[in-house]
Amino acid sequence: MLQIVLYFLIILAITKPVGGYLFRVFDGKPLLLDRPLGWLERLTYRALGIRKDEVQTWRQYAGSLLMFSLISMVVTYVLLRFQGSLPLNPQGFGSAQMPAHLAFNTAVSFMTNTNWQSYSPELSVSYFSNMVALSIHNWASAAVGLAVAVALVRGLSQKSANGIGNFWRDVVRGTLYIFLPICFIGAFIYVAMGVPQTFAGPKLITTLEGIKQTIALGPVASQEIIKQLGTNGGGFFNANSAHPFENPSALADLFTKVLIFLIPAGLTNMFGRMFGNQRQGWAVFAAMSVLFLSGAFISTAAEQSGNPAFAKYGVQTANMEGKETRFGIAGSTLFASVTTGASCGAVNSMHDSYTPIGGLVPLFNILSGEVIFGGVGAGLYGMLIIAILAVFIAGLMVGRTPEYLGKKIGRFEVQMAMVSVLAMAASILFMTAYASLGKLPPNDPLNTYKGSSYGATDTGYGPLSGNLNNPGAHGFSETLYTFASATGNNGSAFAGITANTPIYNTLIGLAMIIGRFFVILPVLAIAGNMAKKKIAPASKGTFPTDSGTFTLLLVGVVVIVGALTFFPALALGPIVEHLQMIGGK
Amino acid sequence: MKNIRPALVLTLFFVLLTGFVFPAAVTAIAQSSMSYRANGSFVVQSGKVVGSELIGQTFSGSNYFHSRPSAAGNGYDANNSSGTNLGPTNPKLLVGVEGFEGIQQLAAKYRLENQLSQSQVIPVDAVTRSASGLDPDISVENARLQIPRIARARKISEDSIQAMLAQTIQPRFAGIFGDPSVNVLRLNMLLDKR
């Protein structure tokens, strides 16, 4: 438990300096890095054909964002399908390992910052695919998320403005001045701690006892650093950050967890600075902290008390199934809370093997919209949507026109906020229902896993519930977690489910698109509409949004919206399973 | 449609900068300054590479410390990392199925191998599979319970093995983060060196 508190204190300490730097970058202030990187920024603008000070309306901003997302996704799809003809492919993977439905799912997954992986990387993607086709989205999708958050904050803090910034400029500046320097230093820190960085193929060795062991390698560190910093979460290896080459020690694990929250936490402070009142940022930070710490403590306590069934066999009950010795229980549950609070989705332990309550926490974090610091950019804009709902609810309670940051919240803003909340809920619940009940004939190719391409055998699952790894209530949790993770653009999994079949890859791909754009577009619309409004000076009747009351209200809205929407589903999954477990069933 | 050109150029920008220049630069510098780590931390015994100190391997002889059970391929397949992903109430996890040992069988086997009494509580890491299936470590308690068996097999004193264990224990980082652990390969190499 002490490590949770200390970790939180580290995040608390870095929030302000990181926020200050983010502010300088996006406010266009001079930076130390202007000299080494300024030429590249200017060169990029020239190549893009944009002017540095061009300001876009929200529609133009959204148009640029959509076009970039589409084109970069298509490029990745093509590169994945043709990996067999591309270099850096020591294992000789081709399109058999990357069929069309999987390449679609994977391209969407990385473009939307989800990084759901239906495939096992060691058995499916070449070094080139990892390093180029997929990694570029680790940078780009995070930069896009960051840009949207900055655009929303501009919309909220500017007076009577037409534009919300320039999409191209925000993406380029975020990449060059924020991600690049941190990644360049961070990659070497990862290597120093034991993360490989080589283009050599897998190494065959003979163990101490004379057994042959093939050890997968690759350019891991350069991917690992942006995977965490950009809250992407797509692993170089199947076991993700549980793999000793991705996360070699308790120190590496701590470094990773700090990287995941680094920018999301800093953004709360940048938000306050852009508005000219850092307390506005701290109020949001505090709400995120309350939710984060409660979840982390609950999950840790549940895993430490563990599985009572183990006692029958004379085994300690603390739940180490699917956890690594070097991280221990608290190191694993803290990671689970961080990765699902943020929309990262990297895992250092297998959430599928958690106790029901231990696993409920990461699931709830995702269902609540990943606003607990959240993904790079996505966390802040998600929480600001909640803030708009919160002041609306507060306004209803006291019978006053709701205001946030001195601007009146009108019908349009609330409608847009509700579109994003309802699209999320509908995608998660309808797809979970379909996957639980959907029937297909046995051996239907739509739900057949082509194991023969990965050194296993083909399996036809028939009904969509056939792909689960666990029976009963836990199996339902597996399905719910899958669509929550996809729609929430998280990417972690109750990984027992075999999702690499045409129908699952397609459904999950659609869920990821809905989850990304049915939030981003309403957010940009709100930003554009709010930017036009005047800022009214605070009066006696104004509900202060930099206060403890507001923090509590935010927490309340997150919990109530999440709980009301998803309680029936959660009752069928983790809650039933918990009762079964303590009842010894 | 005026977005098409910048969208293409920006994609190219990411491909060049983050897809090629960045990983190539990191590789070049890492290979020249930290080649042991950058190449996978491979350790050598009597002139032969016997594994990576970060990747667990299977040990079944009674003269070695045993790693945790593994779900990676057929056990410690370092080209196929994986956990079991079995839920806590799944009978397969608890009592196993044909061809897959559950906690019950693993605990009985551990007890038998190490000649432990029925009242001895077994450390949980000894009978559960890790998340990666490649966990290089075991808990200190797990290692301690294996000492008598190894002492008998190697005909050396328990104290000398205890001393090797003591120098292999990796404490919590800063005394707080993670759990104390014992690297099985490093410990077994110490045993062989003696």
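Conventions and cut-offs
- Residues numbered from 1 in each chain as written.
- Chains lettered and ligands numbered in written order.
- Predicted model: local features only at pLDDT ≥ 70, side-chain atom pairs only at ≥ 80, totals over all residues.
- Helix = DSSP H or I, 4+ residues; strand = E, 2+ residues; numbered from the N terminus.
- Rg over C-alpha atoms; globule rule 2.2 N^0.38 Å.
- Core = buried A, V, L, I, M, F, W, Y, C linked by C-beta atoms within 7 Å.
- Buried ≥ 20, exposed ≤ 12 C-beta atoms within 10 Å, placed from the backbone.
- Contact = placed C-beta atoms within 7 Å.
- Domains from an automatic or database assignment.
- Nonpolar A, V, L, I, M, F, W, Y, C, P; charged D, E, K, R; others polar.
- Expected span 1.5 Å × (residues − 1).
- Bend = angle between axes of the 7 residues up to and from the residue.
- Axes fitted to C-alpha atoms, helices over the stretch in contact; angles between N-to-C directions.
- Parallel < 35°, antiparallel > 145°, perpendicular 65-115°, else oblique.
- Left-handed = near helix turned anticlockwise from the far one by under 90°.
- Pairing = 2+ DSSP bridges.

Participant: Residue-level account of the overall build of chain B, with values.
Facilitator: From N to C terminus, chain B includes seven helices and five strands. Counted from the first residue to the last, chain B has its helices and strands arranged as α-α-β-β-α-α-β-α-α-β-β-α. The globule rule puts the C-alpha radius of gyration for 194 residues at 16 Å, and the 22 Å found for chain B is more than 25% above it. Over its C-alpha atoms, taken along the principal directions, chain B stretches across nearly 75 × 45 × 35 Å.

Participant: Quick one: what's the story with the nonpolar core, residue by residue and with numbers?
Facilitator: Membership of the largest hydrophobic core comes to 222 residues, with the highest contact counts inside it found for Leu152 and Leu524 of chain A. Residue contributions to this core peak at 21 residues, all from helix 6 (residues 127-157) of chain A. Non-local contacts of leucine 152 of chain A, meaning those with residues more than four positions away in its chain, are made with Tyr381, Leu384, Val523, Ile526 and Ala527 of chain A. Core analysis: the next-biggest nonpolar cluster, separate from the first, contains 14 residues, Phe310 and Met320 of chain A together with Ala107 and Val127 of chain B among them.

Participant: Any chance you could break down the domain arrangement of chain B for me, citing the residues and the numbers?
Facilitator: Partitioning chain B into structural domains gives domain 1 (4-38) and domain 2 (42-193). For domain 1 of chain B and domain 2 of chain B, the distance between their C-alpha centroids amounts to 38 Å.

Participant: Pulling in residues and values, what's your account of the interface of chain A and chain B?
Facilitator: Of the residues lining the interface, 96 residues belong to chain A; the matching set on chain B comes to 89 residues. Of the residues forming the side of chain A that touches chain B, the biggest block, seven residues, is contributed by helix 3 (residues 58-81) of chain A. Looking at the side of chain A that touches chain B residue by residue, the class counts come to 53 nonpolar, 33 polar and ten charged.

Participant: Can you explain helix 9 (residues 250-275) of chain A? Please cite residues and give values.
Facilitator: All names here are of chain A. Between its first and last C-alpha atoms helix 9 spans 38 Å; for 26 residues at 1.5 Å apiece the expected length is 38 Å, and the two agree. Where helix 9 bends most, the angle comes to about 40 degrees, and this point is leucine 262, followed within four residues by the proline proline 264. Within helix 9, 23 of the 26 residues are buried, which leaves it mostly tucked inside the rest of the structure. In the stretch just after helix 9, glycine 276 is the one whose phi turns positive, near 85 degrees.

Participant: I'd love a proper account of the packing of helix 1 (residues 2-26) of chain A against helix 9 of chain A, names of residues and values included.
Facilitator: To characterise two packed helices, one gives the angle between the axes of the helices and the distance between these axes. Residue and element names in this part refer to chain A. Relative to each other, helix 1 and helix 9 sit at 50 degrees, their axes nearing to 6 Å. Viewed along their axes, helix 1 and helix 9 adopt a mutual orientation that is oblique. When you trace helix 1 past helix 9, the crossing you get is right-handed. When the residues that make up the contact of helix 1 with helix 9 are grouped by side-chain class, the tally is 15 nonpolar, six polar and three charged.

Participant: Pulling in residues and values, what's your account of the pairing of strand 2 (residues 48-52) of chain B?
Facilitator: On a regular strand, one side chain projects to one face of the sheet and the next to the other, so that they alternate. Residues and elements named next belong to chain B. Pairing analysis gives four bridges linking strand 1 (residues 42-45) to strand 2, with the strands arranged antiparallel. Each residue of the ladder has a partner; that of valine 43, found in strand 2, is glycine 51. In textbook terms, the turn of a hairpin is the stretch between consecutive antiparallel strands, and for strand 1 and strand 2 this stretch comprises two residues, one of which, serine 46, has a positive phi near 40 degrees.

Participant: Tell me about the domain arrangement of chain A, residues and numbers included.
Facilitator: Residues and elements named next belong to chain A. Taken domain by domain, chain A consists of domain 1 (2-276) and domain 2 (409-540 + 564-582). Just the C-alpha atoms count here: the centres of domain 1 and domain 2 sit 23 Å apart. Contacts between domain 1 and domain 2 engage 38 residues on the former and 33 residues on the latter. When contributions to the side of domain 1 that touches domain 2 are tallied by element, the ones reaching two or more residues are helix 3, helix 4 (100-111), helix 5 (121-124) and helix 6. Of the residues belonging to the side of domain 1 that touches domain 2, the class tally is 18 nonpolar, 18 polar and two charged.

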